[in-house]
Amino acid sequence: MTRTIQLVGNVDADHRLTALVPDDVPAGQVKLAIVVDENRAEAEDITSSDWAAAISCEWKDDLADSAQDVYSLNDGEPIIET
């Protein structure tokens, strides 16, 4: 069985592709189709807001699931840098 999953990835200066995939995708080799926006400046990186928008779209079901809210603002300890 074959299925298609659309992801947002990043290619670094060493031409390595990184992307977050859903947990149900098994480890191993996959086929990729890369869509390159030729109008985008070569040196331009994805902005943090673009990345956040893409992640929130991909993970909208998980983010809306209250069972995922395992931590609150009262959890943990503050980091104090010296």
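Everything that follows concerns the structure shown earlier in this document.
Residues numbered from 1 in each chain as written. Predicted model: local features only at pLDDT ≥ 70, side-chain atom pairs only at ≥ 80, totals over all residues. Heavy atoms only, no water.

Peer 1: What exactly am I supposed to notice about the overall build of the chain here?
Peer 2: Assigned secondary structure in the chain consists of 2 helices and 2 strands. Starting at the N terminus and walking to the C terminus, you meet the elements of the chain as β-β-α-α. Taking 82 residues into account, the globule formula puts the C-alpha radius of gyration at 12 Å, and the chain, at 17 Å, lies well above it. Overall, the chain is about 45 × 40 × 25 Å in size when its C-alpha atoms are taken along their principal axes. Counting every position in the chain, which comprises 82 residues, the buried fraction comes to 2%. Accessible surface, the chain as shown: approximately 8500 Å² in total, 52% of it carbon and sulfur. (Helix = DSSP H or I, 4+ residues; strand = E, 2+ residues; numbered from the N terminus. Rg over C-alpha atoms; globule rule 2.2 N^0.38 Å. Buried < 20%, exposed > 50% of the residue type's maximum accessible area, 1.4 Å probe, protein only. Areas by Shrake-Rupley, 256 points an atom, 1.4 Å probe, with all protein chains shown as cover.)

Peer 1: Any chance you could explain the pattern of salt bridges here in plain terms?
Peer 2: Once their charged atoms are close, side chains differing in charge can pair, the charge on each being opposite to the other. In total, this model carries 3 salt bridges according to the counting rule given. Where Arg 16 meets Asp 12, a salt bridge forms, and the shortest distance between an N and an O atom there is 3.0 Å. Asp 14 is the salt-bridge partner of Arg 16, the closest N and O atoms lying 3.1 Å from each other. Residue class for Arg 16 comes out partly exposed when judged on its relative accessible area of 48%. Residue classification places Asp 14 among the exposed positions, given a relative accessible area of 55%. In this structure, a network of salt bridges that share partners links the residues Asp 12, Asp 14 and Arg 16. (Salt bridge = Lys/Arg side-chain N within 4 Å of Asp/Glu carboxyl O.)

Peer 1: Looking at this structure, I do not really get unusual backbone geometry. What am I missing?
Peer 2: Trans is the prevailing form of peptide bonds, just as negative phi is the prevailing case for residues other than glycine. Even without being glycine, His 15 reaches a positive phi, approximately 60°. Here His 15 shows up in the loop between β1 (9–11) and β2 (17–19).

Peer 1: Whenever I open this one, the layout of surface pockets confuses me. Can you help?
Peer 2: Remark: the empty space left among the atoms is shown by a probe the size of a water molecule rolled over them. Estimates place the volume of the second largest pocket at around 460 Å³. Around the second largest pocket, the lining is made up of 21 residues, and of these Leu 20, Val 21, Ile 55, Glu 58 and Trp 59 lie nearest the centre. Secondary-structure elements contributing two or more residues to the lining of the second largest pocket are β1, β2, α1 (48–58) and α2 (60–64). Counted by class, the lining of the second largest pocket contains 12 nonpolar, 4 polar and 5 charged residues. (1 Å grid on protein atoms, 1.4 Å probe; cavity = no way out; pocket = protein on both sides within 12 Å on 5 of 7 lines; lining within 4 Å. Points joined across faces, edges and corners; volume = space filled by probe spheres on them. Nonpolar A, V, L, I, M, F, W, Y, C, P; charged D, E, K, R; others polar.)

Peer 1: Could you clarify how one ought to interpret a negative patch on the surface in this entry?
Peer 2: A cluster of acidic side chains, namely Asp 23, Asp 61, Asp 62, Asp 65 and Asp 69, defines a negative patch on the protein surface. Given the relative accessible area of 60%, Asp 61 is considered exposed. (Patch = residues over 30% accessible without salt bridge, like charges linked within 9 Å, V, L, I, M, F, W, Y side chains within 5 Å. Lys, Arg positive; Asp, Glu negative; His and termini not counted. Charge placed at Lys NZ, Arg CZ, Asp CG, Glu CD.)

Peer 1: I'm lost on the environment of Glu 81 in this one. Help?
Peer 2: Position of Glu 81 relative to the elements: it lies in the segment after α2. Residue Glu 81 is classed as exposed on the basis of its relative accessible area, which comes to 74%. The spacing of Glu 81 and Leu 7 is 74 residues in sequence and 36 Å in space, taken between C-alpha atoms.

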